[in-house]
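In case you want the letters, here they are:
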Amino acid sequence: MTTLRLYNTLTRTKEDFGPIDPNNVRMYVCGPTVYDYAHIGNARPAIVFDVLFRLLRHIYGAEHVTYVRNITDIDDKINARALERRGGRNVPVLDVVRELTEQTYGVYRDDVTALGCLPPSAMPRATENIAPMIAMTQALIAGGHAYEAAGHVLFDVSSKPDYGKLSRRSVDDMIAGARVDVAPYKKNPMDFVLWKPSDANTPGWDSPWGRGRPGWHLECSAMIQSTFAGTDTIDIHGGGIDLVFPHHENEIAQSESAHHAHPLAKVWMHNGFLNVEGEKMSKSLGNFVTINELLKDWPGDVLRFNMLRSHYRQPMDWTVAGMRESWNTLERWYVEAGAGVGSGTISQSFLAALSDDLNTPQAIAELHKAGPDDLASGLMLLGFQPQPERLASKANVDADAITALIEARLAARKAKDFKESDRIRDELLAQGIILKDGPTGTTWEVKK
Ligand code: AMP
Ligand code: ZN
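Residues numbered from 1 in each chain as written. Chains lettered and ligands numbered in written order. Predicted model: local features only at pLDDT ≥ 70, side-chain atom pairs only at ≥ 80, totals over all residues. Heavy atoms only, no water.

## A short note on the domain arrangement of the protein
Basically, it comes down to this: The source of the domain bounds is an automatic or database domain assignment.
What the domain assignment lists for the protein is domain 1 (12-271), domain 2 (297-394) and domain 3 (397-446). A C-alpha centroid distance of 49 Å is found between domain 1 and domain 3.

## Here's the deal with the packing of aromatic side chains
What characterises a pair of aromatic rings is the spacing of the ring centres plus the angle enclosed by the ring planes. Quick note on the threshold: In summary, the pairing rule links any two rings of Phe, Tyr or Trp, Trp by its six-membered ring, whose centres are within 6.5 Å, and it sorts them by plane angle into stacked for under 30 degrees, edge-to-face for over 60 and tilted for everything else. Only runs of H or I of at least four residues qualify as helices and only runs of E of at least two qualify as strands under DSSP, and these elements are numbered from the N terminus. Exposure classes here rest on a 1.4 Å probe applied to the protein chains alone. A residue is buried below 20% of its type maximum, exposed above 50%, and partly exposed in between. For a lysine, the NZ atom is tested; for an arginine, the CZ atom; a charge sits over a ring if that atom is within 6 Å of the ring centre and within 35 degrees of the ring normal.
Considering all chains together, one arrives at 9 aromatic pairs under this definition. A ring pair is formed by Tyr 105 and Tyr 108, whose centres lie 6.1 Å apart and whose planes are at 25°; its orientation type is stacked. Of this pair, Tyr 105 and Tyr 108 both sit in helix 3 (residues 93-114), separated by 3 residues, roughly a single helical turn. The two residues Tyr 105 and Tyr 108 agree in class, both being buried. Each member of the aromatic cluster is reached from another via a ring pair, and the members are Phe 155, Tyr 163 and Phe 192. A cation over an aromatic ring shows up here: Arg 57 above the ring of Phe 53, its NZ or CZ 4.9 Å from the ring centre. Sitting above the plane of the Phe 384 ring, Arg 304 keeps its charged end 5.7 Å from the centroid.

## A look at helix 9 (residues 300-308)
Working note: α-helix, 3.6 residues per turn, so residues spaced by three or four point in the same direction. Of all 9 residues in helix 9, 9 are buried, a share of seventy percent or more. Of all the residues in helix 9, the buried ones are Gly 300, Asp 301, Val 302, Leu 303, Arg 304, Phe 305, Asn 306, Met 307 and Leu 308.

## As for the sheet that holds strand 5 (residues 146-149)
Rules: DSSP calls a pair of strands paired once it identifies at least 2 bridges connecting them. Axis definition: a line fit to C-alpha positions, over the contact stretch in the case of helices; interaxial angles, taken between N-to-C directions, run 0 to 180 degrees.
Spatial strand order, 5-6-7-8: 4 strands in an open sheet with antiparallel pairing. Because the sheet does not close on itself, it has two edges, and the strands there are strand 5 and strand 8 (212-214). Strand after strand, the sheet turns through a mean of 20° between neighbouring axes, direction not considered. Relative to strand 6 (residues 152-155), strand 5 runs antiparallel, the two sharing 4 bridges. When the sheet's bridge partners are listed, Ala 146 is paired in strand 6 with Phe 155.

## Brief notes about the site of ligand 1
Under the convention used in this document: We call a residue near a molecule or strand when any one of its heavy atoms sits within 4 Å of it. Here a polar contact is taken to be a pair of N or O atoms separated by no more than 3.5 Å, where protein atoms must pair a possible hydrogen donor with a possible acceptor and residues adjacent in sequence count only if both atoms sit in side chains. A 1.4 Å probe and the Shrake-Rupley method give the accessible areas. Residues count as covered only by the protein chains that appear here. Polarity classes work like this: nonpolar for Ala, Val, Leu, Ile, Met, Phe, Trp, Tyr, Cys and Pro, charged for Asp, Glu, Lys and Arg, and polar for all others, with Gly in that last group.
Within the structure, ligand 1 sits among 14 residues, and Thr 33, Gly 41, Gly 240, Asp 242 and Leu 274 are positioned closest to it. At a separation of 2.4 Å, an oxygen atom of ligand 1 approaches a polar side-chain atom of Asp 242. If ligand 1 stood free it would expose 490 Å²; the protein chains cover 85% of that surface. A total of 3 residues in the shell around ligand 1 trace back to one element, the largest contributor, which is helix 1 (residues 40-60). Residue classes in the shell around ligand 1 are distributed as 5 nonpolar, 8 polar and 1 charged.

## Let's talk about the pattern of salt bridges
The test is simple: Between Lys or Arg on one side and Asp or Glu on the other, a salt bridge is scored when a side-chain nitrogen of the former is within 4 Å of a carboxyl oxygen of the latter.
In total, this model carries 27 salt bridges according to the counting rule given. Here Glu 99 makes a salt bridge to Arg 85, at a shortest N to O gap of 3.2 Å. Taken together, the positions of Glu 99 in helix 3 and Arg 85 in helix 2 (residues 76-86) put the pair 14 residues apart, joining distant regions of the chain. Classification of Arg 85 as partly exposed rests on a relative accessible area of 32%. A salt bridge links Lys 165 to Asp 162; the nearest nitrogen and oxygen atoms lie 3.1 Å apart. Ionic contacts of the salt-bridge type, sharing partners, join the residues Lys 160, Asp 162, Lys 165 and Glu 256 into one network.

## Describing the coordination of the zinc ion (ligand 2)
Under the convention used in this document: Donor atoms (N, O, S) are those found within 2.8 Å of the metal centre, with the cutoff raised to 3.2 Å for Na, K and Ca; water is not part of the atom list, so apparent gaps in a site can occur. Just to be clear on the cut-offs, tetrahedral is four donors with all angles between 85 and 135 degrees, square planar is four donors and octahedral six with opposite donors over 155 degrees apart and all others between 65 and 115, and anything else goes down as irregular.
Only Cys 30 (SG), Cys 220 (SG), His 247 (NE2) and Glu 251 (OE) from the protein coordinate the zinc ion (ligand 2), and they sit 2.0 to 2.4 Å from it. Coordination at the zinc ion (ligand 2) is irregular: its 4 donor atoms span angles of 77 to 129° at the metal. Taken in chain order, the donor set of the zinc ion (ligand 2) reads C-x189-C-x26-H-x3-E. On the criterion of sequence distance, the pair formed by Cys 30 in the loop between strand 3 (25-29) and helix 1 and Cys 220 in helix 6 (residues 216-227) is long-range, its members being 190 residues apart.

## Things to note about the pairing of strand 3
For the record, the criterion: Whether a crossover is right-handed depends on one test, that the path from the first strand over the helix to the second runs clockwise when the strands point away from the viewer.
Of all 5 residues in strand 3, 5 are buried; the element is thus mostly enclosed. Residues Val 25, Met 27 and Val 29 point to one face of strand 3 and Arg 26 and Tyr 28 to the other, with burial holding for every one of them. Crossover connection from strand 3 via helix 1 to parallel strand 4 (residues 65-69): handedness right-handed.

## Focus on the sheet that holds strand 3
Pairing in this open sheet of 4 strands is parallel, and the strands run 4-3-9-10 from one edge to the other. At either margin of the open sheet sits one strand with a lone partner, and together these are strand 4 and strand 10 (265-271). Strand after strand, the sheet turns through a mean of 20° between neighbouring axes, direction not considered. Note: strand 3 against strand 4, 5 bridges, orientation parallel. Looking across to strand 4, one finds that Val 29 is bridged to Arg 69.

## A look at the environment of Val 91
Selection criterion: Should any heavy atoms of two residues lie within 4.5 Å, those residues are considered in contact.
Counting through the fold element by element, Val 91 comes out in the loop between helix 2 and helix 3. Residue Val 91 is classed as partly exposed on the basis of its relative accessible area, which comes to 28%. Residues contacting Val 91, with those up to four places away along its chain left out, are Arg 86 and Val 96.

## Focus: the packing of helix 1 against helix 9
Cut-off, in case you're wondering: Roughly parallel means an angle under 35 degrees; roughly antiparallel, over 145; roughly perpendicular, 65 to 115; everything else is oblique.
At a minimum axis separation of 10 Å, helix 1 and helix 9 run at an interaxial angle of 80°. Our classification of the angle between helix 1 and helix 9 gives roughly perpendicular. Only Arg 304, Met 307 and Leu 308 of helix 9 make contact with helix 1, whose side of the interface consists of Ile 40, Ala 43, Arg 44, Ile 47, Asp 50, Val 51 and Arg 54. The class makeup of the residues in the contact of helix 1 with helix 9 is 6 nonpolar, no polar and 4 charged.

The following block contains the structure:
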């Protein structure tokens, strides 16, 4: 049996993984803030931790792994969007927040499903976990780790001598390097908000400190506590590298202080950042790519494969050339794997690569050497369904609709309405569908 080894950001080393309870391996990953379409960078943690989820299920049995990915539906970016969206309507702002977050989360769920991600075991929402957030804040105040000031409740970093252990920064470094919010009511500039007051135009909940809302870090600490009830320490906590500080550092400070210094997680895992065509993604550079847009042109399997060609901890450059190569490889493999019977056994070298801190580039290199059976099993463990038709059409192309348009075009041609038949051809081309007229009729393929 291959040992699973995972890089732990907390210790900065690759460690042998041993679950606290092999009958219930617990993993939490910070999920999306649902105010807008998710970009291809947000797809990275979704795919990476889905592969880890699948590997853990393979090793420990599907029923013995709990993967929780939360939905951040309380956030000031959400509140700002909700206010715009409400316009002149006379409805409570929380109703508009619901509308916005439901819709955005629906798109996210469809996006990551198209990328081959399994639904996590639980997807708690911040708005449905207000009571545990208030309870944790009360416990922190009672334990001398938090204080109330000017309607806010703040975490007192001086009460936690090892504050900074995940990001390995001293409080002085943090003050120098961070855009900390220096508010007059803070005892220490690094103290961070657990609870803050809400005005009439901002979602708020009644609390011992007045009507207000939780800080982002508290949301995750409380959702971990309520979703994994009965344990203080989970096995794996994950997210993108940008979350190490302050988000995860502050989750640790809160949860450990509320739980007798018991660690929040044994292993902290972080995926590296994704750039697009060599540049940081940004709306102003015009290279901001949403998953939803990409899925209009590329099969979800191709996007997933392209993501896994890089090791999750390395920075990655997302390119059209990479997606093309990925498509070509998968096209070949899906045909080859179809010749296999899918024996279900996983080759040792493939499993060893994957178990070595999720070395997907090495695992893919092993698949290049594999026969049809091992290829099929390996692809399936990585979350692919090797069926050529999944690549023949785009992930969200409706083949029936294309066939109907081809028939309408044929009818137009028969009626010598060439303007209409050309219009239909152009309409399909705009969707990336190329028509080929041959002696036996018209076929179509997806433009690459
Ligand atoms: P957010 O919705 O902004 O809270 O982000 C959701 C997840 O996506 C977090 O785990 C982030 O760390 C991760 N993330 C955001 N941008 C990128 C990027 N460019 N590359 C990789 N991961 C990212
Ligand atoms: Zn979090």
